[in-house]
Amino acid sequence: MKNSTADKGSPGQEQQAAGVGILLQIMMLVLSFVVGHVLRRHKFYYLPEASASLLIGLIVGGLANISDTETSIRAWFNFHEEFFFLFLLPPIIFQSGFSLSPKPFFSNFGAIVTFAILGTFMASVVTGVLVYLGGLMYLMYRLPFVECLMFGALISATDPVTVLSIFQELGTDMNLYALVFGESVLNDAMAISLYRTMSLVRSNDPSGQNIVMVIVRFLETFVGSMSADIDNLQNLECCLFVLFPYFSYMLAEGLSLSGIVSILFTGIVMKHYTYSNLSENSQRFVSAFFHLISSLAETFIFIYMGFDIAMEKHSWSHLGFILFSILFIAVARAANVFSCAYLVNLVRPAYRQIPLKHQKALCYSGLRGAMAFALALQSVHDLQEGHGQIIFTATTAIVVLTVLLIGGSTGTMLEALQVVGDGHDAHLGEGFEGNNGYVPTACDEDGTPGNKFRMKLSEFRKSAASFSELDRNYLTPFFTSQNGDDEDEEEDDLMPSSRRGGFRGL
């Protein structure tokens with residue numbers, strides 16, 4: 001029997017192995033960036049950057065799996081979901097909010113919240129119920145009802161990094177981009193909140209009184225996190241500017257709130273108020289810094305996903321669970337998008353309604369990615385009797401399928417729906433009137449007197465306009481060193497500066 005010292009090896013050997021592991025990770029990152037650049041340069045949309053990174057991880061993991069170095073390589077890539085949530089996810093979400101041009105996002109905020117909250121809840125419940133019914137009918141492996149709802153929650157987290165990058169390259173309609181981007185960010189927070197709530201229900205087996213507390217806890221987790229960034233309106237220098245988003249994220253997580261929602265709105269508020277207080281050199285530094293770490297984090301996530309999918313032991317004996325889960329997810333996504341779009345269009349005037357082709361594009365954009373993967377990885381520890389392993393296997397299969405197939409066919413889909421090129425023709429200051437009219441103009445009367453609900457919406461829009469005046473005339477001059485926003489500079493940033501979100505000039 002070998003002692004523990006012999007198993008571990010000498011400190012020199014461990015250091016050498018760690019160095020080789022880090023070198024391998026750096027090589028894969030470099031290869032991913034080079035391949036992504038070549039693909040972008042040649043406009044090869046059938047293999048987006050995220051898909052290329054996933055494939056690189058799959059290939060390296062597959063080679064390691066058949067080699068004698070599997071154990072040591074697995075140790076090099078020792079990855080926990082806590083590392084994802086605490087270190088990789090925050091810079092991506094902050095960069096999304098920081099580089100966001102607020103007009104198309106907030107002009108469609110009502111629709112975004114409808115898709116991200118009501119739609120995600122609907123998709124989670126529909127998926128969970130269908131998976132449970134499929135188990136009852138012996139179409140797939142049977143899971144307890146609460147675990148089916150947990151699976152529905154985690155698999156409803158969309159991550160359209162691939163789709164958004166192609167939207168950026170092809171110049172898709174800005175309103176459609178804002179809907180897909182906004183839904184994906186808030187959808188992540190909603191999926192995490194639903195998953196944690198269902199996990200709490202499973203562990204506590206709540207009575208009627210406790211169910212009320214679970215609902216209150218869910219609302220506290222999701223909504224309460226928006227107030228976690230109230231102290232970030234300060235004149236910060238570079239180091240504090242870099243550290244404060246993490247403070248906001250960790251504060252929200254420490255209070256059991258949603259760090260994703262907190263750091264997203266922290267990015268939006270800091271860009272609006274704090275950024276202009278920095279010197280020019282500091283502004284260039286923080287912009288480049290967050291763009292850099294966001295790109296590195298995104299690429300590493302997809303590389304690791306591919307590597308871990310190839311290296312992990314999967315439960316492929318339940319193929320029926322995987323196949324029917326894919327079918328049920330497609331049904332739930334369609335129910336989510338088309339029903340929520342119907343509700344949004346009910347309260348919008350005709351010229352501001354979401355057209356059917358945009359609804360189809362939004363439905364097609366529901367890729368599953370890093371968030372679903374991380375939650376599925378967590379479910380392996382949360383669920384016993386191999387149920388977590390079944391969910392993890394199904395999730396990884398769905399992630400690979402959606403990223404490679406749907407991501408690679410996005411360009412063809414956009415051309416078929418005839419939504420390519422619209423984004424180049426619109427200007428934020430013009431209200432998008434010629435671009436399907438999502439963004440409200442100064443006159444927003446629909447000619448239907450007596451509709452009290454729409455009158456309330458009109459009053460709400462007037463209140464929003466009043467807040468815009470308050471912000472422009474008082475808040476911005478007070479919190480910044482400038483007398484108002486440089487709107488011309490903001491309106492130059494139309495499309496995302498990173499693959500996940502935000503807007504940059506074209």
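Predicted, not measured: the structure shown is a model, and the values here were computed from it. (Residues numbered from 1 in each chain as written. Predicted model: local features only at pLDDT ≥ 70, side-chain atom pairs only at ≥ 80, totals over all residues. Heavy atoms only, no water.)

## Quick notes on the overall build of the chain
Reasoning step 1: A count of helices and strands for the chain gives 21 helices and zero strands.
Reasoning step 2: Within the chain, contacts between residues at least 6 apart in sequence are counted, and of these 82% link residues at least 24 apart.
Reasoning step 3: Summing over all exposed atoms, the chain offers an accessible surface of approximately 22,700 Å²; the carbon and sulfur share of this is 64%. (Helix = DSSP H or I, 4+ residues; strand = E, 2+ residues; numbered from the N terminus. Contact = heavy atoms within 4.5 Å. Areas by Shrake-Rupley, 256 points an atom, 1.4 Å probe, with all protein chains shown as cover.)

## Some thoughts on the packing of aromatic side chains
Reasoning step 1: Using the criterion set out here, one finds 17 aromatic pairs in the structure.
Reasoning step 2: Aromatic pair Phe94 and Phe98: ring centres 5.5 Å apart, planes at 15°, arrangement stacked. With Phe94 and Phe98 both in helix H5 (residues 81-98) and four residues apart, this pair spans about one turn of that helix. You'll find Phe94 and Phe98 in the same group, each marked buried.
Reasoning step 3: Both rings, one in Tyr132 and one in Phe145, keep their centres 5.2 Å apart while their planes meet at 75°; by these two values the pair is edge-to-face. (Phe/Tyr/Trp six-rings, centres within 6.5 Å; stacked < 30°, edge-to-face > 60°. Buried < 20%, exposed > 50% of the residue type's maximum accessible area, 1.4 Å probe, protein only.)

## Structural notes on the confidence of the model for the chain
Any residue range with low pLDDT should be treated as having predicted coordinates unsuitable for detailed reading.
Reasoning step 1: Here the chain averages 75 in pLDDT, and 71% of its residues register 70 or above.
Reasoning step 2: pLDDT under 50 marks residues 423-437. Its contacts with residues more than four places away, or in other chains, come to 38 contacts. (pLDDT = per-residue confidence, 0-100.)

## Description of empty space enclosed by the protein
Reasoning step 1: A complete count under the given rule lists six cavities of 30 Å³ or more for this structure.
Reasoning step 2: In terms of lining residues, the largest cavity is bounded by Leu39, Arg40, Phe44, Tyr45, Leu47, Pro48, Glu49, Ser165, Ile166 and Glu169.
Reasoning step 3: Elements that contribute at least two residues to the lining of the largest cavity include exactly helix H2 (11-41) and helix H9 (161-170).
Reasoning step 4: Ranked by residue count, the leading element in the lining of the largest cavity is H9, at three residues.
Reasoning step 5: For the lining of the largest cavity, the residue count by class is six nonpolar, one polar and three charged. (1 Å grid on protein atoms, 1.4 Å probe; cavity = no way out; pocket = protein on both sides within 12 Å on 5 of 7 lines; lining within 4 Å. Points joined across faces, edges and corners; volume = space filled by probe spheres on them. Nonpolar A, V, L, I, M, F, W, Y, C, P; charged D, E, K, R; others polar.)

## Regarding a nonpolar patch on the surface
Reasoning step 1: Residues Ile22, Ile26, Val30, Val34 and Val38 make up a contiguous nonpolar surface patch of about 420 Å² in total accessible area.
Reasoning step 2: Mapped onto the elements, Ile22 comes out in helix H2. (Patch = residues over 30% accessible without salt bridge, like charges linked within 9 Å, V, L, I, M, F, W, Y side chains within 5 Å. Salt bridge = Lys/Arg side-chain N within 4 Å of Asp/Glu carboxyl O.)

## Quick notes on the pattern of salt bridges
Reasoning step 1: Within this structure, the stated rule accounts for five salt bridges.
Reasoning step 2: Between Arg40 and Glu49 there is a salt bridge, and its shortest N-O distance comes to 2.7 Å.
Reasoning step 3: By relative accessible area, Arg40 is classed as partly exposed at 34%.
Reasoning step 4: Glu49 gets classed as buried once you look at its relative accessible area, which sits at 13%.
Reasoning step 5: With its nearest N and O atoms 3.6 Å apart, the salt bridge here joins Arg196 to Glu253. With Arg196 in helix H10 (residues 174-204) and Glu253 in helix H12 (residues 238-254), this pair connects stretches of sequence that are 57 residues apart.

## Things to note about H10
Reasoning step 1: Here H10 spans 45 Å end to end across 31 residues, near enough to the 45 Å set by a 1.5 Å rise per residue.
Reasoning step 2: Along H10, the helix axis deviates most sharply at Asn187, where the bend reaches about 25°. (Expected span 1.5 Å × (residues − 1). Bend = angle between axes of the 7 residues up to and from the residue.)

## Re unusual backbone geometry
Reasoning step 1: Here Tyr138, not a glycine, exhibits a phi torsion of approximately 60°, which is positive.
Reasoning step 2: Here Tyr138 lies in the loop between helix H7 (109-136) and helix H8 (145-155).
Reasoning step 3: In this structure, Gln418 takes a positive phi of about 60° despite not being glycine.

## Details of the packing of H8 against helix H18 (residues 387-408)
Reasoning step 1: Viewed as axis vectors pointing N to C, H8 and H18 meet at an angle of 30°, and their least axial separation amounts to 11 Å. As summarised for this structure, H8 and H18 are arranged roughly parallel, according to the angle between their axes. Regarding H8 and H18, the two cross each other, and that crossing is right-handed. Contact with H8, carried on its side by Glu147, Phe151, Leu154 and Ile155, involves His387, Ile391, Ala394, Thr395 and Ile398 of H18 and no other residues of that element.
Reasoning step 2: Its residues placed into classes, the contact of H8 with H18 shows six nonpolar, two polar and one charged. (Axes fitted to C-alpha atoms, helices over the stretch in contact; angles between N-to-C directions. Parallel < 35°, antiparallel > 145°, perpendicular 65-115°, else oblique. Left-handed = near helix turned anticlockwise from the far one by under 90°.)

## Remarks on the packing of H10 against helix H13 (residues 259-274)
Reasoning step 1: With their axes 8 Å apart at the nearest point, H10 and H13 run at an angle of 155° to one another. Relative to H13, the element H10 is oriented roughly antiparallel. Each of Val185, Leu186, Asp188, Ala189 and Ile192 in H10 lies in contact with H13, whose residues at this interface are Ile260, Val261, Leu264 and Phe265.
Reasoning step 2: The residue makeup of the contact of H10 with H13, split by class, is eight nonpolar, no polar and one charged.

## Observations concerning the environment of Leu327
Reasoning step 1: Following the sequence through the fold, Leu327 ends up in helix H15 (residues 319-346).
Reasoning step 2: Along the backbone, Leu327 and Leu130 are 197 residues apart, and their C-alpha atoms lie at a distance of 9.7 Å.

## What to know about the environment of Leu149
Reasoning step 1: Within the secondary structure, Leu149 sits in helix H8.
Reasoning step 2: Linking Leu149 and Leu130, residues 19 residues apart in sequence, is a C-alpha distance of 9.7 Å.
Reasoning step 3: Beyond its immediate stretch of four places on either side in the chain, Leu149 contacts Val125, Gly128 and Met198.

## Comments concerning the side chain of Thr127
Reasoning step 1: Its place among the elements puts Thr127 in helix H7.
Reasoning step 2: For Thr127, a relative accessible area of 1% gives the class buried.
Reasoning step 3: Leave out the neighbours within four places in its chain, and Thr127 touches Phe151, Gly152, Ile155, Ser156, Phe328, Ile329 and Ala332.

## Details of the environment of Ser276
Reasoning step 1: Locating Ser276 in the fold gives a position in the loop between H13 and helix H14 (280-311).
Reasoning step 2: In sequence terms Ser276 and Thr480 are 204 residues apart; their C-alpha atoms lie 6.3 Å from each other.

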